[in-house]
Each structure stands twice: as structure tokens, then as C-alpha cells.
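Summary of structural features
Below are the chains, spelled out letter by letter.
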Amino acid sequence: MRDCALCPRLAALRGELRVAQPEWWNAPVPALGDPEAGIAIVGLAPGMKGANRTGRAFTGDASGDLLFATLEKFALAEAGEPKGVLILNAVRCLPPGNKPLPEEIRTCRQFLSGQLRAPVTIALGQIAHQSAVKAMGGRLPKTPFGHGNEHRMPDGRVLIDSYHCSRYNQNTNRLTAEMFEAVFARAMELRG
Ligand code: SF4
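**Observations regarding the nonpolar core**
Of all hydrophobic cores here, the largest spans 26 residues; its most connected members are Ile41, Leu67, Leu71 and Ile87. Those elements that place two or more of their residues in this core are strand E2 (39–43), helix H3 (62–73), strand E5 (85–89), strand E6 (120–124), strand E8 (158–162) and helix H7 (177–191). With sequence-adjacent residues up to four places away left out, Leu67 is seen in contact with Ile41, Phe58, Ile87, Cys165, Phe180 and Phe184. Membership of the second largest hydrophobic core comes to 24 residues, among which are Leu44, Ala45, Ala135 and Met153.

The following block contains the structure:
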């Protein structure tokens, strides 16, 4: 598992970082939380100094700070531990420049598909949205990405879109804490 080599470019970057930063995780980052949770969250990929460093999804950088602060407001986390929620990434290894290639997203989808079972999923950003739609058997032309958009999948599951909680989106106010909380409030309503 630590040495998945299905994406040669990402495996090579991991190898370089294992030499340069041997104390970091530098491996595919596993899902975090309850596999049977009612709400799943799909991010893009590990951040270099966040999940790639710590080995825990959305832990150690600004994205994780906002995500966990929001989860705690909705009692979906306590003391940094997810509760009733499963946190995944579309791509499990650090991509150069935070930009995975289409074939890397496609290749890693087998892991996303295997774990994405929740009745309600929140996709963080367009790439996570696209991969989650495909993982759930939906059709992209019918499910355009947009902050707050809701999509009913063929099997009845619901996908809600959000702008990604990246530092950039926070700093530019593309995503405010209030906008993010509105998405989670809706997910809680739909989960029931
Ligand atoms: S991104 Fe996914 S499929 Fe690609 S090497 Fe990492 S774990 Fe394997």
C-alpha cells in the first residue's frame, strides 16, 4: 500500500521526498474516519506539508484547519477526530503543484470507488466533483460543478459541491467559513 506504483510520476515524487524529508509520511494517504459514515467528503489530493507530511487526510495545513473547524461546529469531529464522516481524496498521493494528471485521477478512482458508499457526499472542488460523479455512476454533462450545487446520482445518493477549502480560496474569499458551513448544514439535512 505505501508503495503503490500505479502512477509512476507520483511514485517518483514520493521517492524523492522520502530522501529529502525522511520524517514525513510520503505515501498514499488513506481515508480518515468511519467507513460506514452517513456523510463522505472528497478532496483533491494530499497537500505537500499537510496530509503528505502527517499521513492523515486534511491534517497539518490551512485546508484541514477550516475543514476540521467546520466539522466540529456540526459535531462531525471532536478533538480532531472525525465522527460520522469519512474523509477521502480523489488522488491519494501528492501530485506536483497540486495538479494531478487526468490518468492519475482515473487510476486512483478505483480506491475512491471502493470506499465511497455514504448516502451524502460533499465534493471539494471541480476535480473531486468529477471523480466522485464517475465513482458513483453519474454522468458529468448532467451534473455541472458549482458551489452549493446538489446532484442526485442514479442509485439515489446525493452529491453536494463546494469550493475547495484551500488556503488560496480562503485568502481570496472565494470560500468563506459561512459558505462552507452552509454546505455542511445542507448535508446534515439530507443525511437526516
Ligand atoms: S495516486 Fe493512487 S493509484 Fe496513483 S500511485 Fe498513488 S495510490 Fe496508487
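**Looking at the packing of aromatic side chains**
Applying the stated rule across the entire model yields three aromatic pairs. Measuring from ring centre to ring centre gives 5.1 Å for Phe180 and Phe184, while their planes differ by 80°; the resulting arrangement is edge-to-face. With a gap of four residues between them, Phe180 and Phe184 both fall in helix H7, about one helical turn apart. We note that Phe180, like Phe184, is buried. What links up through ring pairs into an aromatic cluster is the set Phe74, Phe180 and Phe184. The positively charged end of Arg92 is found above the aromatic ring belonging to Phe111, 4.0 Å away from the centroid.

**Let's talk about the site of the ligand**
What surrounds the ligand is the set Cys4, Leu6, Cys7, Leu10, Arg14, Pro28, Val91, Arg92, Cys93, Thr107, Cys108 and Phe111. Because more than half of its atoms lie within 2 Å of the grid, the ligand is assigned to the largest cavity. The set of elements that each furnish at least two residues to the shell around the ligand consists of helix H1 (8–20) and helix H4 (102–115). Among the elements that make up the shell around the ligand, the one with the highest residue count is H4 (three residues). Grouping the amino acids of the shell around the ligand by side-chain chemistry returns nine nonpolar, one polar and two charged.

**With respect to empty space enclosed by the protein**
According to the stated counting rule, one finds two cavities of 30 Å³ or more in the structure shown. Its boundaries defined by the atoms lining it, the largest cavity holds a volume of some 90 Å³. Lining the largest cavity we find Cys4, Leu6, Cys7, Leu10, Arg14, Pro28, Arg92, Cys93, Thr107, Cys108 and Phe111. Breaking the lining of the largest cavity down by element, the ones donating at least two residues are H1 and H4. Top element by residues in the lining of the largest cavity is H4. It accounts for three residues. Residues belonging to the lining of the largest cavity are distributed by class as follows: eight nonpolar, one polar and two charged.

**Points about the packing of H3 against H7**
Where H3 contacts H7, the axes come no closer than 10 Å and their chain directions differ by 50°. Regarding the angle of H3 to H7, the classification is oblique. Pair H3 / H7 crosses with right-handed handedness. Two secondary-structure elements touch here, H3 through Leu66, Leu67, Thr70, Leu71 and Lys73 and H7 through Ala177, Phe180, Glu181 and Phe184. Looking at side-chain class alone, the contact of H3 with H7 contains six nonpolar, one polar and two charged residues.

What counts and how
Residues numbered from 1 in each chain as written. Predicted model: local features only at pLDDT ≥ 70, side-chain atom pairs only at ≥ 80, totals over all residues. Heavy atoms only, no water. Core = buried A, V, L, I, M, F, W, Y, C linked by side-chain atoms within 4.5 Å. Buried < 20%, exposed > 50% of the residue type's maximum accessible area, 1.4 Å probe, protein only. Helix = DSSP H or I, 4+ residues; strand = E, 2+ residues; numbered from the N terminus. Contact = heavy atoms within 4.5 Å. Phe/Tyr/Trp six-rings, centres within 6.5 Å; stacked < 30°, edge-to-face > 60°. Lys NZ or Arg CZ within 6 Å of the ring centre and 35° of its normal. Near = heavy atom within 4 Å. 1 Å grid on protein atoms, 1.4 Å probe; cavity = no way out; pocket = protein on both sides within 12 Å on 5 of 7 lines; lining within 4 Å. Sits in = over half its atoms within 2 Å of the grid points. Nonpolar A, V, L, I, M, F, W, Y, C, P; charged D, E, K, R; others polar. Points joined across faces, edges and corners; volume = space filled by probe spheres on them. Axes fitted to C-alpha atoms, helices over the stretch in contact; angles between N-to-C directions. Parallel < 35°, antiparallel > 145°, perpendicular 65-115°, else oblique. Left-handed = near helix turned anticlockwise from the far one by under 90°.

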